[in-house]
Amino acid sequence: RTTAVQHLVQAAESGSSIPFSVYNKIVGCLTDSYDEVRLYAVTLLPHLVKQHHNKGRSPSDKTTDISHRAFIQLSLLMRDISTQVRTETARVLGLFTDVDPEYMKQL
């Protein structure tokens, strides 16, 4: 799993498009038992959000937006046992500038 997610991160960072169908699998990797898998999944998530920002978007409900969903998933990792995962999660959360501040207050 580590190698697979690592290769997806490398592909995304080199500008390759990652299919949206991978999103749910990457979210699942956020709870993997291996720190490295969680770390790479955290790194990959903002790439997926950037590439697929219109997926799942409902004009009337911002909470269905992929960016909001990813923000929630990442927020849960701020209590991860691994310091590396928490550090990378904090860095990545800072990239989510389009999440509504009122929405953040509800978390």
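Here, every reference points to the structure presented above.
Figured I'd write up the structure that's included with this text.

What counts as what
Within each chain, residue numbers correspond to sequence positions counted from 1 in written order. Selection of residues for local features in this predicted model requires a pLDDT of at least 70, selection of side-chain atom pairs for listing and counting requires 80 or more, and totals for whole chains, interfaces and linings are taken over all residues. Values reported for side chains reflect all heavy atoms of the structure, with hydrogen atoms and water molecules removed beforehand. Under the scheme used here, helices are H or I runs from DSSP no shorter than 4 residues and strands are E runs no shorter than 2 residues, and both carry numbers assigned from the N terminus. Any pair of N or O atoms that falls within 3.5 Å is considered a polar contact. Within protein, one atom must be able to donate a hydrogen and the other to accept it, and sequence-neighbouring residues count only if both atoms are side-chain atoms. Residue contacts are defined here by distance: any two heavy atoms, one from each residue, within 4.5 Å place the two residues in contact. Angles run from 0 to 180 degrees between N-to-C directions of axes, and those axes are lines fitted to C-alpha atoms, restricted for helices to the stretch in contact. Any angle between 65 and 115 degrees counts as roughly perpendicular, while under 35 counts as roughly parallel, over 145 as roughly antiparallel, and the rest as oblique. Helix crossings fall into two classes, left-handed where the near helix is turned counterclockwise from the far one by less than a right angle and right-handed where it is turned clockwise. In the scheme used here, Gly and all other residues not listed as nonpolar or charged are polar, with Ala, Val, Leu, Ile, Met, Phe, Trp, Tyr, Cys and Pro taken as nonpolar and Asp, Glu, Lys and Arg as charged. To define a nonpolar core, start from buried Ala, Val, Leu, Ile, Met, Phe, Trp, Tyr and Cys residues and group those joined through side-chain atoms within 4.5 Å. Residue burial is assigned from relative accessible area. The probe radius is 1.4 Å, only protein chains are included, and a residue is buried under 20% of its type maximum, exposed over 50%, and partly exposed in between.

To continue, consider the side chain of Ser67. With respect to the helices and strands, the residue Ser67 is situated in helix H4 (residues 66-76). One polar contact links Ser67 to Asp98, side chain to side chain, over a distance of 2.9 Å. Setting aside residues no more than four positions away along its own chain, Ser67 makes contact with Val49, Phe96, Asp98 and Val99.

It is at 9 Å that the axes of H4 and helix H5 (residues 83-93) come closest, and there the two elements cross at 150°. By the criterion of interaxial angle, the relationship of H4 to H5 is roughly antiparallel. Seen along the crossing, H4 lies across H5 with a hand that is left-handed. Contacts between H4 and H5 involve Phe71, Leu74 and Ser75 on the former and, on the latter, Thr89, Val92 and Leu93. A class-by-class count of the residues in the contact of H4 with H5 yields four nonpolar, two polar and no charged.

The subject of this paragraph is the environment of Asp65. The topology assignment puts Asp65 in the loop between helix H3 (35-51) and H4. Taking the C-alpha atoms as reference, Asp65 lies 9.2 Å from Val99; in sequence the two are 34 residues apart.

In terms of nonpolar packing, the biggest core is built from 28 residues, with Tyr23, Ile26, Leu30, Leu45, Leu48, Leu74 and Phe96 touching the most fellow members. Elements supplying a minimum of two residues to this core: helix H1 (2-13), helix H2 (23-29), H3, H4 and H5. Per-element accounting of this core gives the leading share, seven residues, to H3. Setting aside anything within four residues of it in sequence, one finds Leu30 in contact with Arg38, Ala41, Val42, Leu45, Gln73, Leu74 and Leu77.

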